[in-house]
Amino acid sequence: MLLVCMHQDPNEVCTLHLVDVTPEPLTFFHVIYLGRRVARWEHKTRKLSKAFGSPRLACYTLGGAILLLNVLRSHCFTQAMLSQPRMQSLDNPAVYHVGLALLGVGGVFVLSSFLALGFTGTFLGDYFGILKEARVTMFPFSVLDNPMYWGSTAIYLGWAIVHASPTGLLLTALVALIYMVAIVYEEPFTAEIYQQKASQAYKRS
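The rules behind each value
- Residues numbered from 1 in each chain as written.
- Predicted model: local features only at pLDDT ≥ 70, side-chain atom pairs only at ≥ 80, totals over all residues.
- Heavy atoms only, no water.
- UniProt positions renumbered as here; feature names shortened; annotations may be inferred.
- Phe/Tyr/Trp six-rings, centres within 6.5 Å; stacked < 30°, edge-to-face > 60°.
- Helix = DSSP H or I, 4+ residues; strand = E, 2+ residues; numbered from the N terminus.
- Buried < 20%, exposed > 50% of the residue type's maximum accessible area, 1.4 Å probe, protein only.
- Salt bridge = Lys/Arg side-chain N within 4 Å of Asp/Glu carboxyl O.
- pLDDT = per-residue confidence, 0-100.
- Contact = heavy atoms within 4.5 Å.
- Axes fitted to C-alpha atoms, helices over the stretch in contact; angles between N-to-C directions.
- Parallel < 35°, antiparallel > 145°, perpendicular 65-115°, else oblique.
- Left-handed = near helix turned anticlockwise from the far one by under 90°.
- Nonpolar A, V, L, I, M, F, W, Y, C, P; charged D, E, K, R; others polar.

As annotated in an unreviewed UniProt entry, the chain carries the name Phosphatidylethanolamine N-methyltransferase and comes from Bos taurus. The annotation that UniProt attaches to the chain under Sequence similarities (unreviewed entry) is "Belongs to the class VI-like SAM-binding methyltransferase superfamily. PEMT/PEM2 methyltransferase family."

Student: Hey, could you run me through the packing of aromatic side chains in this one?
Tutor: Here the distance between the centres and the angle between the planes together describe a pair of aromatic rings. Under the defined criterion, the tally for this structure stands at six aromatic pairs. On the numbers, 5.4 Å between centres and 65° between planes, the contact of Y60 with F119 is edge-to-face. Of this pair, Y60 sits in helix α3 (residues 55-82) while F119 sits in helix α4 (residues 93-122); the two residues are 59 residues apart in sequence, bridging distant segments of the chain. By relative accessible area, F119 is classed as partly exposed at 23%. Taking 4.7 Å as the distance between ring centres and 55° as the angle between the ring planes, the aromatic pair formed by F77 and Y156 counts as tilted. Separated by 79 residues along the polypeptide, F77 in helix α3 and Y156 in helix α5 (residues 147-162) bring together distant segments of the chain.

Student: What is the right way to look at the UniProt feature "transmembrane region" (unreviewed entry) in the chain in this model?
Tutor: The UniProt record marks residues 57-75 and 95-124 with the feature "transmembrane region" (unreviewed entry), using the residue numbering of this structure. Taken as a whole, residues 57-75 contains 100% helix and 0% strand, while its terminal C-alpha atoms sit 27 Å from one another. Regarding residues 95-124, the helix share stands at 93% and the strand share at 0%, and the terminal C-alpha atoms are separated by 36 Å.

Student: Looking at this structure, I do not really get the pattern of salt bridges. What am I missing?
Tutor: Where charged atoms from two side chains of opposite charge approach closely, those side chains can pair. Within the structure shown, the criterion is met by three salt bridges. A salt bridge links E186 to R36, with the shortest nitrogen-to-oxygen separation between them at 2.4 Å. Placement of E186 in helix α6 (residues 166-204) and of R36 in helix α1 (residues 23-45) is noted, with a sequence separation of 150 residues between them. R36 carries the same exposure label as E186, and that label is buried. Note that D91 and R86 form a salt bridge whose closest N and O atoms lie 3.0 Å from each other. The partly exposed category is assigned to D91, whose relative accessible area is 36%.

Student: Teacher, can you tell me more about the confidence of the model for the chain here?
Tutor: Residues shown with low pLDDT carry predicted positions that ought not to be read at fine detail. Taken residue by residue, the chain gives an average pLDDT of 84. The fraction at 70 or more is 83%. Here strand β1 (residues 2-6) is the element of the chain with the lowest mean pLDDT, 44, and α4 is the one with the highest, 97. For residues 1-23, every residue scores under 50 in pLDDT, and the model assigns this stretch 42 contacts once sequence neighbours within four places are set aside.

Student: Before we go on, may I ask you to explain unusual backbone geometry in this structure?
Tutor: Among all residues save glycine, negative phi is the norm, and among peptide bonds the norm is trans. In this structure, P140 follows F139 across a cis peptide bond, with omega equal to 5°. Unusually for a residue other than glycine, R46 sits at a positive phi of about 60°. With respect to the helices and strands, the residue R46 is situated in the loop between α1 and α2 (47-52). With a relative accessible area of 27%, R46 lands in the partly exposed category.

Student: Sorry if this is basic, but what is going on with the UniProt feature "binding site: S-adenosyl-L-methionine" (unreviewed entry) in the chain here?
Tutor: This chain's UniProt record puts "binding site: S-adenosyl-L-methionine" (unreviewed entry) on G104, V105, G106, E186 and E187. Examined against the element boundaries, G104 turns out to sit in helix α4. A relative accessible area of 42% means that V105 is categorised as partly exposed.

Student: Where do I start with the packing of α3 against α5 in this structure?
Tutor: Two measures define how a pair of helices packs: the angle their axes make with one another and the distance between the axes. Packing of α3 against α5 brings their axes to within 11 Å, and their N-to-C directions diverge by 25°. As summarised for this structure, α3 and α5 are arranged roughly parallel, according to the angle between their axes. For the pair α3 and α5, the crossing hand works out as right-handed. From α3, N70, R73, S74, F77, T78 and M81 reach across to α5, where they touch S152, Y156, W159 and A160. Here the contact of α3 with α5 is built from residues that sort into five nonpolar, four polar and one charged.

Pasting the structure below:
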């Protein structure tokens, strides 16, 4: 529960509304945390690869589960916004078009990231031993680190602005924070995986 100041009129006193955002942060956390938790477990044990008969099939299965959770996440985000009051200061055509622009930019980053990485590269294939030959440096990685995360954040921000939703803005800020934490823990682990690959290749040579 959070208190949000809603200005219905510039000359009026700020009105406080109680906003329930409890289910949505948990949903965002679970999508990000559980996927990587399972992937790390797979990296240590290879039990998913053994159960499904191949690393690729196991990765596709986990990726499919993450996609379904992402659909649930987006639904919860939208429902949380629609169930709460709109913010008057955001409810105008100029701001609406800013939201549309953010949706477009975010969509470009997410889609181009997926095309550059492929399905297994996007959905934690490196934890399954499915590694790229070299670090991806083409667009959008040439202009932004972690473009999938920041593109997704831009989409949620744009969606919140289009709906003039203070709840959406709060949830977007939480999403960005969760992504930053994920990056801090994920990048060293991914670097370690590729370092192990390079070390093994060096020993074979």
